[in-house]
Amino acid sequence: MMFRATVLTLYPEMFPGALGLSLAGRAMERGDWALEAVQIRDFATDKHRTVDDTPAGGGAGMVMRADILAKAIDHASSEGDERPRILMSPRGKPLTQERVRELAAGPGAVILCGRFEGVDQRVIDARELEEISVGDFILSGGEPAALVLLDAVVRLLPGVMGNEVSGEEESFEGGLLEHPHYTRPQEFEGRAIPEVLTSGNHGKIAKWRRAEAEKLTEARRPDLWVGRVKKKL
C-alpha cells in the first residue's frame, strides 16, 4: 500500500519543497509515497477565482468559503477514499508522535491548508476535517505546517530510514525526550565524552541513557513528565 498525500492549497508551488530532498525525496522517486498539490482556486466559480469572503458578524480579515473548499475536498477525496481529511489549524489538537505513527500506518492523507482568518466552520463539520496544530504559534498559512506533518510521517514509512532502530529511540517515542548524543573527537574544548559511553558495558549505557532522558524530560517538558507519572499511578 502506497502512502498518498493530497494537499489542498492556494500555493501548490510550495510543494514538494523540502520533501523533494534527502530521505523523503529519494523515497518519492522510488515510489514509496506520492504527493499531489491541488490548487484550491481551480474550484472557484467567478472570473477572479475568489475563494474567500468577509466574516459573518463582522471583524477583521477574510474567511475561506465553505462551498469552494467542499468542491476541492470532494475532488481530492472521492467516495470510498479511506484517507483522513486533515485541516492544519492553530486551534487543532497538537500533533503527536503517536498520531504521526497512526498516519504512517495508513493509506495517506488529504490535507487542507488554511489561509486568511480561517475556514468556514460548516465545511469543517460537513467534511469531518480533523484539525491538527504543529505548535502554539501562528503561521501565515497551513502550508509550512503541512510540510512538517508530512516530513514526520514519511520518514516512518517502511524503507525510508536507513536504520529502522533509530526511529524507535528518538524523542517522544517512549514518552521521553531523547538522551544526549556524543561522537569523536574524544575531547572537545576540555569536554570529554561521558566515560560510561566508552565502557563497552551496554547495560550501563542503556541505564545511563534512560536516566539522562528522564532528567531532560522532567526539566524541559514537565507536561510530558507529569503525564508519565500519572500513567504509572
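Our structure is the block above this text.
If you're wondering where the values come from, they're calculated on a predicted model, not measured in any experiment.

1. Notes on the overall build of the protein chain
Line of reasoning, step 1. Looking only at helices and strands, the protein chain features seven helices and ten strands.
Line of reasoning, step 2. Across its three principal directions, the C-alpha atoms of the protein chain cover 70 × 40 × 40 Å.
Line of reasoning, step 3. When the accessible surface of the protein chain is totalled, it reaches about 13,900 Å², and 52% of it is carbon and sulfur.

2. Digging into the pairing of strand 1 (residues 3-9)
Consecutive residues of a regular strand have side chains that alternate between opposite faces of the sheet.
Line of reasoning, step 1. For strand 1, a buried count of six out of seven residues is recorded, marking the element as mostly surrounded by other parts of the structure.
Line of reasoning, step 2. In this fold, the crossover linking strand 1 to strand 2 (residues 33-39) by way of helix 1 (residues 22-30) has right-handed handedness.

3. Considerations on the sheet that holds strand 2
Line of reasoning, step 1. Read across the sheet, five strands follow the order 2-1-6-5-8 without closing on themselves; strand pairing throughout is parallel. Each having just a single partner strand, strand 2 and strand 8 (130-133) make up the two edges of the open sheet. Here the strands of the sheet are splayed against their neighbours by 35 degrees on average, with no regard to which way each runs.
Line of reasoning, step 2. The sheet contact formed by strand 5 (residues 85-94) and strand 8 spans five bridges and is parallel. Pairing of Lys93 across the sheet is with Ile132, part of strand 8.

4. Digging into the packing of aromatic side chains
Line of reasoning, step 1. Applying the stated rule across the entire model yields one aromatic pair.
Line of reasoning, step 2. Judged by centre distance (6.4 Å) and plane angle (55 degrees), the rings of Tyr182 and Trp208 are tilted. Pair noted here: Tyr182 is in the loop between helix 5 (143-154) and strand 9 (187-188) and Trp208 is in helix 6 (residues 202-220), with a separation of 26 residues, a long-range link.

5. Observations concerning the environment of Pro90
Line of reasoning, step 1. Considering the arrangement of structural elements, one finds Pro90 in strand 5.
Line of reasoning, step 2. Measuring from C-alpha to C-alpha, the distance between Pro90 and Ala192 comes to 42 Å, with 102 residues separating the pair along the chain.
Line of reasoning, step 3. Excluding residues that lie within four positions of it along the chain, Pro90 makes contacts with Ser133, Phe137 and Ile138.

6. Here we look at the pattern of salt bridges
Line of reasoning, step 1. A full pass over the atoms with the stated rule returns 13 salt bridges.
Line of reasoning, step 2. Between Asp67 and Arg65 there is a salt bridge, and its shortest N-O distance comes to 2.5 Å.
Line of reasoning, step 3. A relative accessible area of 37% places Asp67 in the partly exposed class.
Line of reasoning, step 4. The closest approach of N and O atoms between Glu212 and Lys215, which form a salt bridge, is 3.1 Å. With a gap of three residues between them, Glu212 and Lys215 both fall in helix 6, about one helical turn apart.
Line of reasoning, step 5. Judged by relative accessible area, which is 17%, Glu212 ranks as buried.

7. Here we look at helix 5
Line of reasoning, step 1. Its twelve residues give helix 5 an end-to-end C-alpha distance of 16 Å, which sits within 8% of 16 Å, the value for a rise of 1.5 Å per residue.
Line of reasoning, step 2. Burial within helix 5 is extensive, with nine of its twelve residues counted as buried.
Line of reasoning, step 3. Listed as buried for helix 5 are Glu143, Ala145, Ala146, Leu147, Leu149, Leu150, Ala152, Val153 and Val154.

8. Section: the side chain of Asp52
Line of reasoning, step 1. When you line up the elements, Asp52 lands in strand 3 (residues 52-53).
Line of reasoning, step 2. Among all residues touching Asp52, those that are not within four sequence positions of it are Met62, Val63, Met64, Arg65 and Phe116.

9. Section: the sheet that holds strand 4 (residues 63-64)
Line of reasoning, step 1. Ordered by their spatial adjacency, three strands build an open sheet running 3-4-7, and the pairing between neighbours is mixed. Single-partner strands in this sheet number two, and they are strand 3 and strand 7 (118-119).
Line of reasoning, step 2. Two elements, strand 3 and strand 4, share two bridges in a ladder whose sense is antiparallel. Bridged to Asp53 within strand 4 is Val63.

10. Some points on the nonpolar core
Line of reasoning, step 1. Counting 29 residues, the largest nonpolar core has Trp33, Ile86, Met88, Ile111, Leu149 and Leu150 as the members making the most contacts within it.
Line of reasoning, step 2. In terms of residue count, the dominant contributor to this core is helix 5 (eight residues).
Line of reasoning, step 3. Setting aside residues no more than four positions away along its own chain, Trp33 makes contact with Met2, Phe3, Ala5, Leu19, Ala24, Ala27, Met28, Val154 and Leu157.

What counts, and where the lines are drawn
- Residues numbered from 1 in each chain as written.
- Predicted model: local features only at pLDDT ≥ 70, side-chain atom pairs only at ≥ 80, totals over all residues.
- Heavy atoms only, no water.
- Helix = DSSP H or I, 4+ residues; strand = E, 2+ residues; numbered from the N terminus.
- Areas by Shrake-Rupley, 256 points an atom, 1.4 Å probe, with all protein chains shown as cover.
- Buried < 20%, exposed > 50% of the residue type's maximum accessible area, 1.4 Å probe, protein only.
- Right-handed = clockwise from strand over helix to strand, strands pointing away.
- Pairing = 2+ DSSP bridges.
- Axes fitted to C-alpha atoms, helices over the stretch in contact; angles between N-to-C directions.
- Phe/Tyr/Trp six-rings, centres within 6.5 Å; stacked < 30°, edge-to-face > 60°.
- Contact = heavy atoms within 4.5 Å.
- Salt bridge = Lys/Arg side-chain N within 4 Å of Asp/Glu carboxyl O.
- Expected span 1.5 Å × (residues − 1).
- Core = buried A, V, L, I, M, F, W, Y, C linked by side-chain atoms within 4.5 Å.

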